[in-house]
Amino acid sequence: MIEVDGRQQPPLGMAPADFLRDYWQKRPLLIRNAFTDFVSPIEPEDLAGLACEEAALARIISHDRPRDAWHVRTGPFEEDEFPGMPHQDWTLLVQDVDKWDADIAALLEHFRFLPRWRIDDIMVSFAAPGGSVGAHVDQYDVFLLQAQGHRRWQIDASDSPPVDFRNDVELKLLREFNPTHDWLLGPGDMLYLPPGVPHHGVAEDACLTFSVGMRAPSAAELLGDFVDTLAAEADDRLRYRDPDLAPPADPAEIDVEAINRAVEALNMLRMNDPDRLGDWFGRFITLYRSAGEVMPSGPERSRIEIEWDLDQGARLVRHPWSRMAWRSSGREGRLFASGQVLPLPASDAACIANGTALDGEAYRALTQTGRDVVFDLYRAGHYVLDTDEGDGDLGG
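Keep in mind that what you see is a predicted model, and the values were worked out from it rather than measured.

**With respect to the overall build of the protein**
When you go through the protein residue by residue, the secondary structure sums to 11 helices and 18 strands. Taken along its principal axes, the extent of the C-alpha atoms in the protein is 75 × 70 × 45 Å. Within the span of the protein, comprising 396 residues, buried residues form 45% of the whole. Here the analysis covers contacts within the protein between residues at least 6 apart in sequence; of these, 78% occur between residues at least 24 apart. Carbon and sulfur atoms make up 51% of the accessible area of the protein, which totals about 20,800 Å².

See the structure below:
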């Protein structure tokens, strides 16, 4: 089964455990009515305005059909560009829209069946009729939610699809694409694609599509950061040694024994401590692919003032670029905040990492250590004080 109706069990059409068992990183799934009566929280004009912001990551991809030529331009764009755009065959894509728009970010609550630290961002694309980014393949899981209009999706779900790229375009487009499935998606329909599935989406009319993408670091990226961490923390006294050296048959030869000693020297740097390994990964994954930095904004308030405001109904709202996760470490916990590791009780770490905002009740439930950590994070810019229901929008 590759197509289900999601109305009875939104947004997957089945229990999350069943989806993870049968589809996650295994095979595609089209979910009709994943979000019943869905109304997009953002309009194309809003997306165009965001694409003009200096800090936004935006691209316009145009397709010259007669020549099958593709053109890519990167933002920020000028506002007066959009009224003069062609009526067809182009797409505007903006990354990290969940960091700019709280209503877009709220959609992530529907994906709590996944670890939050695995979710990268929500990219929003507007496509004029015929707009597309070409047939391509991603190396990460993605949920494609149709928000406005209609887009036709084709996928190649065969066992060994061709994945060679064209060499005549700057995009990584497939040289050959042989679709096995063809669907027209309307508002509220959602297509899940595991890594490595070739796909091609074309707008039937002016449309918006939300792409919920995952963080999936490559083995090379993991290894590179891991080795950098090992090297930075290494004891300089750990060196290549050869106390068993014998007179060489050829002094210019690197023999098997020398290679084995080099391996022994490398093995001395292995991170065998689970706590060190867990701390490394927590730091790495809360920094991986982060396009923005957390910085303090506005005048800093004293801790007494912060706690008084929380007692009066204010909230500490997490900065949209602040990434948090936690893990247990014996009886204690570790909170990871955009590359930092902060020891504190596990219950505090879980509360802080899971909360996009802390009200007075949640703050008072923390231990003294937890409250100390929250205040330090506030001073570093991970939180702003929201004293009014309409305040606290941090944008980019």
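That was the structure; now back to the text.
**Focus on unusual backbone geometry**
With an omega dihedral of 0°, the bond running from Pro10 to Pro11 counts as a cis peptide bond. Here Pro11 lies in the loop between β1 (3-5) and α1 (16-22). Cis geometry marks the peptide bond from Gly75 to Pro76, where omega comes out at 5°. As for its position among the elements, Pro76 is in the loop between β4 (69-74) and β5 (90-94). Notably, Arg289 is not glycine yet its phi reads approximately 60°, a positive angle. Residue position: Arg289 is located in the loop between α7 (274-285) and α8 (303-311). Since its relative accessible area comes to 48%, Arg289 is described here as partly exposed.

**Remarks on the sheet that holds β1**
Read from one edge to the other, the open sheet built from nine strands follows the order β1-β2-β10-β7-β12-β6-β5-β3-β4, with strand pairing classed as mixed. The two strands at the open ends of the sheet, each matched to only one other strand, are β1 and β4. Adjacent strand axes in the sheet meet at a mean angle of 20° when their direction is disregarded. Two strands pair when backbone bridges link them, and strand β7 (residues 142-148) and strand β10 (residues 190-193) are joined in this way by four bridges, in the antiparallel orientation. Bridge pairing in β10 places Phe143 opposite Tyr192. Sitting on the sheet, helix α2 (residues 44-51) touches β3 (58-64), β5, β6 (119-127), β7 and β12 (207-214), and the angle it makes with β5 is about 65°.

**Looking at the state of the cysteines**
Following the criterion strictly, the structure yields zero disulfides and no others. Free cysteine: Cys52, not disulfide-bonded; nearest cysteine sulfur from Cys207 at 20 Å.

**Structural notes on the pattern of salt bridges**
Side-chain pairing between opposite charges can occur once the charged atoms of the two side chains come close. By the definition in use, this model includes 33 salt bridges. Across the pair Asp120 and Arg289 runs a salt bridge, and its minimum N-O distance is 2.6 Å. With Asp120 in strand β6 and Arg289 in the loop between α7 and α8, this pair connects stretches of sequence that are 169 residues apart. Given the relative accessible area of 4%, Asp120 is considered buried. Between Asp235 and Arg237 there is a salt bridge, and its shortest N-O distance comes to 2.6 Å. On the basis of relative accessible area, Asp235 is assigned to the partly exposed category, the value being 31%. Taken together, the salt bridges that share partners define one network made up of Asp120, Arg215, Arg289 and Arg323.

Cut-offs used in this document
- Sequence positions are assigned chain by chain, starting from 1 and proceeding in written order.
- A pLDDT threshold of at least 70 governs which residues receive local features in this predicted model, and a stricter bar of 80 or more applies before side-chain atom pairs are shown or counted, although totals over entire chains, interfaces and linings include all residues.
- Only heavy atoms go into the side-chain values, all of them from the structure, while hydrogens and water stay out.
- Helix and strand assignments follow DSSP, with helices taken as H or I runs no shorter than four residues and strands as E runs no shorter than two, numbered in order from the N terminus.
- Partly exposed describes any residue whose relative accessible area lies between the buried limit of under 20% and the exposed limit of over 50%, with all areas from a 1.4 Å probe on protein chains only and scaled to the type maximum.
- Between two residues, a contact is recorded if the distance between any of their heavy atoms is within 4.5 Å.
- Each accessible area value is a Shrake-Rupley result obtained with a 1.4 Å probe; residue values ignore everything except the protein chains displayed when judging cover.
- Pairing between two strands requires that DSSP report at least two bridges joining them.
- Each axis is a line fitted through C-alpha atoms, taken for helices only over the stretch in contact, and angles between the N-to-C directions span 0 to 180 degrees.
- By disulfide we mean two sulfur atoms from cysteines, separated by a distance within 2.5 Å.
- Salt bridges are defined by distance alone: a side-chain nitrogen of Lys or Arg within 4 Å of a carboxyl oxygen of Asp or Glu.

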